[in-house]
Every structure is written in structure tokens, then in C-alpha cells.
Amino acid sequence: MENIFSDETETTLLAQRSMILSAPSIDAKQLALLEGEVKHRLELFLKGDLEVDPQESPLFYSFIKVFSETDDPDLKMCAKKAEAKIIPLLKQFDQSAGYEQLMKVSPEEMERNLSDLDGFEKINPFECDDQGRLIFTQFRLVKKVLDNVEITDDENTSTLDAGEANETFQETILETARLKTYMRLCVSCSEITQADYLDTLQMEMEKALVILFVMDKTSEVKYPLDGFQAEKIHNEFKKLIDTLE
């Protein structure tokens, strides 16, 4: 019999856990169904029937850690084994993203981060007020670059529906930056503010555009960014702006 939580993502399952545990009266049946689905997924992961991409390992790690806080001994044991199995994937992520603090983040901090990020992800950085002006002015230059990108076909001619192609391009850049921002901030040991989220999103969008147009000039940049590296990317981004003025 299919569990009512079978089609939910790991992030949604984490949110469901928070809802159940924060209710005035805990629904033991719902909690058992939820933890049963989590146990099933962890068993699939342990058997090799559920693959986790290294880039998604921090999210799955948080999934494991949060659900390891349970009174169910079988789920607790599954989580312990899964935590050991995911370590190589976390190391791969560390190497690509530059993080070394993942194992320092507590389940409570991870759950808080995921909750905050789910809220911040609803923000549209290009939202305008009634006068057509950007509300988040720090994205003005990013928007300028995106608006001036011309999508061409293999023969270097403009596409028939340039507006639709440009909109798709902008959405791709934004969603990629959102994902990168989510992955970087979900392992924060300190509470994430909206300013933290927007600053990181801005940097990820600038980085995506710089890599797209001047890949060779940023090939040596490694993460997490220090002040020098962040300035390097921002300077390259400003060169993109200069070409439009």
C-alpha cells in the first residue's frame, strides 16, 4: 500500500515533520506514516537503489540528520548508517563548493536554515513597484545584463521569438543562482537573514554571467569566496556592464 507521503520531496517531508511536531497535539499516526516513508527512502539509499547527486548531498544530509532525532529505533539506526554512507558525497561537495563546516551544523540549525530559505526563495529579485522601479535595487545591473542578452541560433542569427528566448534565459540564470544560493546557505551555522540571502543570490547571478561570458578569466576562482575572489568576480561583472554603456 502506497504511503501518503510517497510522492513528496525530502524538503516537503522536513516541513511536514515540523508541522506535525509543532501542533498542539501530535498526530502519532501521521508521524508514524511520515517516518515510515523516511525509513523506506533511507533503506533504498543504503541498498544503492536511491542515488543522491553530490551537489544535492547537503540537502539529503540535512534530511538524514533531522529524521535521526526520532524515538523509532529502526529509523534511528537507518539514519546512522545513511549518515556514514553519505560522507563521501559530502566530501565531493566540499571539494567543489569549498565547504568544510557541514558536519558542524546541528539538525536544529539545518531545519531552521531550510525553513528560512523556503521563505526567501519566494522573493522575486526583479520585482518592481507601481512606478516600474526595481524594489531590490542591488539587482539593477544584473537585470541590465540579462535584458541585453540576445539569444541566437546555431547560425548566429536572432531567434524568431527573441522575447520568449530571453525570458527563458533569464529564468534559467535565476533558477540556477537560487539553487546555488540554497546549497551554500543551507549549511550556515548562523541564522540566515534576508540580506544574506539576497547578497548571495546577487553574487551567484553575477558569477553565472561572468562564467558564461568570460570563463577563462574566472577559471581560478575557488569557493567559499574570500574578499579578493569576490572582488575579482565583481570586477569582471562590471566589465560586462561597461560593454553595454
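Residues numbered from 1 in each chain as written. Predicted model: local features only at pLDDT ≥ 70, side-chain atom pairs only at ≥ 80, totals over all residues. Heavy atoms only, no water.

A. Local environment of the side chain of Ser62. Residue position: Ser62 is located in helix α3 (residues 57-67). With residues near it in sequence (within four places) discarded, Ser62 still touches Leu14, Met110 and Leu114. (Helix = DSSP H or I, 4+ residues; strand = E, 2+ residues; numbered from the N terminus. Contact = heavy atoms within 4.5 Å.)

B. Region of interest: the packing of α3 against helix α5 (residues 107-120). Close contact between α3 and α5 brings their axes to 9 Å; oriented N to C, the two are set at 125°. In terms of orientation, α3 lies oblique with respect to α5. As α3 packs across α5, the resulting crossing turns out to be left-handed. Taken together, the residues of α5 that come into contact with α3 (itself represented by Pro58, Leu59, Tyr61, Ser62, Lys65 and Val66) are Pro107, Met110, Glu111 and Leu114. Its residues placed into classes, the contact of α3 with α5 shows seven nonpolar, one polar and two charged. (Axes fitted to C-alpha atoms, helices over the stretch in contact; angles between N-to-C directions. Parallel < 35°, antiparallel > 145°, perpendicular 65-115°, else oblique. Left-handed = near helix turned anticlockwise from the far one by under 90°. Nonpolar A, V, L, I, M, F, W, Y, C, P; charged D, E, K, R; others polar.)

C. Seen up close, α3. When you tally the buried positions in α3, you get 10 out of 11 residues, the bulk of the element. Where α3 is concerned, the buried positions are Ser57, Pro58, Phe60, Tyr61, Ser62, Phe63, Ile64, Lys65, Val66 and Phe67. (Buried < 20%, exposed > 50% of the residue type's maximum accessible area, 1.4 Å probe, protein only.)

D. Summary view of the nonpolar core. Leu42, Phe60, Phe63, Ile86, Leu146, Met205 and Leu209 are the most contacted members of the largest nonpolar core, which totals 53 residues. Looking at this core, the elements with two or more residues in it are α1 (10-22), α2 (28-47), α3, α4 (73-97), α5, α6 (140-147), α7 (162-185) and α8 (194-214). Sorting elements by how many residues they give to this core places α4 first, with seven residues. Setting aside residues up to four positions removed in sequence, Met205 forms contacts with Phe126, Phe139, Val142, Leu146, Ile173, Leu174 and Ala177. (Core = buried A, V, L, I, M, F, W, Y, C linked by side-chain atoms within 4.5 Å.)

E. Here's a closer look at the packing of aromatic side chains. Counted under the stated rule, the structure contains five aromatic pairs. Among the aromatic side chains, those forming a connected cluster through ring pairs are Phe45, Phe60, Phe63 and Phe67. A cation sits over an aromatic face here: Lys85 above Phe45, 5.0 Å from the ring centre. The cationic tip of Lys143 hangs over the ring face of Phe126; the distance from NZ or CZ to the ring centre is 5.8 Å. (Phe/Tyr/Trp six-rings, centres within 6.5 Å; stacked < 30°, edge-to-face > 60°. Lys NZ or Arg CZ within 6 Å of the ring centre and 35° of its normal.)

F. Molecular detail of the pattern of salt bridges. A complete count under the given rule lists 10 salt bridges for this structure. A salt bridge links Lys65 to Glu83, with the nearest nitrogen and oxygen atoms 3.5 Å apart. Taken together, the positions of Lys65 in helix α3 and Glu83 in helix α4 put the pair 18 residues apart, joining distant regions of the chain. As a salt-bridge pair, Glu204 and Arg184 come within 2.7 Å of each other at their nearest N and O atoms. (Salt bridge = Lys/Arg side-chain N within 4 Å of Asp/Glu carboxyl O.)

G. Focus on the confidence of the model for the chain. Per-residue pLDDT for the chain averages 80, and the proportion of residues at 70 or more is 77%. The least confident element of the chain is helix α9 (residues 227-242), whose mean pLDDT is 66; the most confident is α2, at 95. (pLDDT = per-residue confidence, 0-100.)

H. The arrangement of the side chain of Asn113 in detail. Within the secondary structure layout, Asn113 lies in helix α5. One polar contact links the side chain of Asn113 to the main-chain carbonyl oxygen of Ser188, over a distance of 2.7 Å. Apart from residues lying up to four places away in sequence, Asn113 is in contact with Leu185, Cys186, Val187, Ser188, Ser190 and Ile192. (Polar contact = N/O pair within 3.5 Å; in protein donor to acceptor, adjacent residues only side chain to side chain.)

I. Representation of the environment of Leu89 in the model. Summarising the element assignment, Leu89 is placed in helix α4. For the pair Leu89 and Tyr61, spaced 28 residues apart in sequence, the C-alpha to C-alpha distance is 9.5 Å. Excluding anything up to four places from it in sequence, Leu89 contacts Phe45, Val52, Pro54 and Ser57.

J. Seen up close, the packing of α1 against α3. It is at 10 Å that the axes of α1 and α3 come closest, and there the two elements cross at 25°. Classified by the interaxial angle, the pair formed by α1 and α3 is roughly parallel. Considering the relative orientation of α1 and α3, their crossing is left-handed. Of the residues in α3, those touching α1 at Glu10, Leu13, Leu14 and Arg17 are Phe60, Ser62, Phe63, Val66 and Phe67.

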